[in-house]
Amino acid sequence: MAGAAPQGASRSEIYRGNGPRLMLPAWVFIGIFMVLPVLLMATYSFLTKEFRGGVIWEFTLAAYDQFFFDRGLFGDEPPTIEWTYIGIFWRSIWQAALATVLCLLIGFPTAWFIATRPARSRAVWLFLITIPYWVNLLIRTVSMKFLIRDNGPLNEFLLWTGVIGEPLSLVNTNFAVQLGLFYSYLPFMVLPIYAAVERYDFSLSEAAADLYSDSWTTLRLVILPVVKPGIVAGCILVFVPSLGAFLAPDLLGGAKTFMIGSLIEEQFKGAAGNWPFGAAAAMILLTIVMGVLLIHARAQTRGDR
């Protein structure tokens, strides 16, 4: 048959030299839906804000200057550090970091439990973990707000059991935002760790026990180094979206829990938004995330060497 592979040729020989053509659809998709939007956002960050919304195609650094410096109401005062936006960034970082730690503390035992179940029941447990993702994130966040509001089911239950004497004000607090982030991204931690634990050779733990290693030492020196790639992947998958989240801060938080994702969203919403400033904030956030990922990649490369 014309075009058929030579008899006895290996699969690698069949595709040898065709790599660029086979990757072309993927590169086109990445270019249109990832690279092009980032370039467009970077371009907008250097444009001038139009008074009624939108942009004027005059290039300037005003958006970045507004983020880092305060020049007074009319812009004619000596520049001082603009701590408002820096504080919002710092709040976003520690909220995302705390959500990552909480997801790790709950996700690792959960993933270990699922991976050590009989093969027939693992699919059921994974099914239960992924059920929340059958529902849109917005609906899940609104449901969380309904659950923890002053007259919601949680407070009603605690009042009924006598645990509390008056309703707890949980909405519009850092706790509510943290709860929303934890609930939204916990499966992102469980699934990569589960994949790593499932490949773990449990004879290593048995060998450590034969050498009189206690459970904590086995976990620290044997298990964690082996499943580390899954833990790192889970931490990245939780930290990065938590850093730019805006639904949880908007719906569960308030003015005191404003995060960078909410700040960026506000700049593009409505006719009076400041698109260049929103684009600049997005590019600063992207730079921080890319810096963290590059540091991890270099550390991983050194470890592999």
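Here the structure is shown first, and the text comes after it.
Bear in mind that the values here come from a model prediction, so they are computed numbers and not experimental data. (Residues numbered from 1 in each chain as written. Predicted model: local features only at pLDDT ≥ 70, side-chain atom pairs only at ≥ 80, totals over all residues. Heavy atoms only, no water.)

**Section: the packing of helix 5 (residues 119-130) against helix 8 (residues 174-198)**
- Interhelical geometry of helix 5 versus helix 8 gives an angle of 160° and a closest axis separation of 10 Å. When the interaxial angle is binned, helix 5 and helix 8 end up roughly antiparallel. Note that helix 5 runs across helix 8; the crossing there is left-handed. Of helix 8, the residues touching helix 5 (which contributes R122, L126, I129 and T130) are P187, V190, L191, Y194 and E198. (Axes fitted to C-alpha atoms, helices over the stretch in contact; angles between N-to-C directions. Helix = DSSP H or I, 4+ residues; strand = E, 2+ residues; numbered from the N terminus. Parallel < 35°, antiparallel > 145°, perpendicular 65-115°, else oblique. Left-handed = near helix turned anticlockwise from the far one by under 90°. Contact = heavy atoms within 4.5 Å.)

**What about a nonpolar patch on the surface?**
- On the surface, a cluster of nonpolar side chains totalling about 840 Å² of accessible area is made up of F113, V124, W125, F127, L128, I131, W134, V135 and I139.
- Examining the composition of the nonpolar patch, we find that 4 residues originate from one element, helix 5, more than from any other.
- One can find V124 in helix 5. (Patch = residues over 30% accessible without salt bridge, like charges linked within 9 Å, V, L, I, M, F, W, Y side chains within 5 Å. Areas by Shrake-Rupley, 256 points an atom, 1.4 Å probe, with all protein chains shown as cover. Salt bridge = Lys/Arg side-chain N within 4 Å of Asp/Glu carboxyl O.)

**Examining unusual backbone geometry**
- The phi dihedral of N172 is positive, around 65°, even though this residue is not glycine.
- For Y212, which is not a glycine, the phi torsion comes out positive at approximately 65°.
- Position of Y212 relative to the elements: it lies in the loop between helix 9 (203-210) and helix 10 (215-243).
- Judged by its relative accessible area of 80%, Y212 is exposed. (Buried < 20%, exposed > 50% of the residue type's maximum accessible area, 1.4 Å probe, protein only.)

**Thoughts on the packing of helix 6 (residues 137-148) against helix 8**
- Remark: helix 6 packs on helix 8, axes separated minimally by 11 Å, with the N-to-C direction vectors making an angle of 135°. Classed by the angle they form, the pair helix 6 and helix 8 counts as oblique. The two elements helix 6 and helix 8 meet at a crossing, and its hand is right-handed. Residues L137, R140, M144 and I148 of helix 6 lie in contact with helix 8, whose contacting residues are A176, L179, Y183 and S184.
- For the contact of helix 6 with helix 8, a count of residues per class yields 6 nonpolar, 1 polar and 1 charged. (Nonpolar A, V, L, I, M, F, W, Y, C, P; charged D, E, K, R; others polar.)

**What to know about helix 8**
- A rise of 1.5 Å per residue sets the reference length of helix 8, with its 25 residues, at 36 Å; its end C-alpha atoms lie 35 Å apart and thus fit the reference within 8%.
- Along its length, helix 8 shows its largest kink, about 45°, at Y185, and proline P187 lies within four residues downstream of that point. (Expected span 1.5 Å × (residues − 1). Bend = angle between axes of the 7 residues up to and from the residue.)

**Structural notes on the side chain of N155**
- The topology assignment puts N155 in helix 7 (residues 153-161).
- Accessibility expressed as a relative area gives 1% for N155, which makes it buried.
- Beyond its immediate sequence surroundings of up to four residues, N155 is in contact with I148, R149, D150, I164, P167 and L168.

**Topic: the pattern of salt bridges**
- Enumeration according to the criterion identifies 4 salt bridges in this entry.
- The salt bridge involving R71 is made with D65; its shortest N-O contact spans 2.8 Å.
- With a relative accessible area of 23%, D65 lands in the partly exposed category.
- Members of the salt-bridge network, linked through shared partners, are E265, E266 and K269.

**Focus: the packing of aromatic side chains**
- Under the definition given, this model contains 19 aromatic pairs.
- Ring geometry for F29 and F33: centres 4.8 Å apart, planes at 40°, overall tilted. Highlighted residues: F29 and F33, both in helix 2 (residues 19-44), separated by 4 residues, approximately one helical turn. Summarising the burial analysis for this pair, F29 and F33 share the class exposed.
- Through a chain of ring-to-ring contacts, three or more aromatic side chains come together here, namely F67, F68, Y85, F89 and F277.
- Positioned above the aromatic ring of Y133 is the side chain of R140, whose terminal nitrogen or guanidinium carbon lies 4.7 Å from the ring centre. (Phe/Tyr/Trp six-rings, centres within 6.5 Å; stacked < 30°, edge-to-face > 60°. Lys NZ or Arg CZ within 6 Å of the ring centre and 35° of its normal.)

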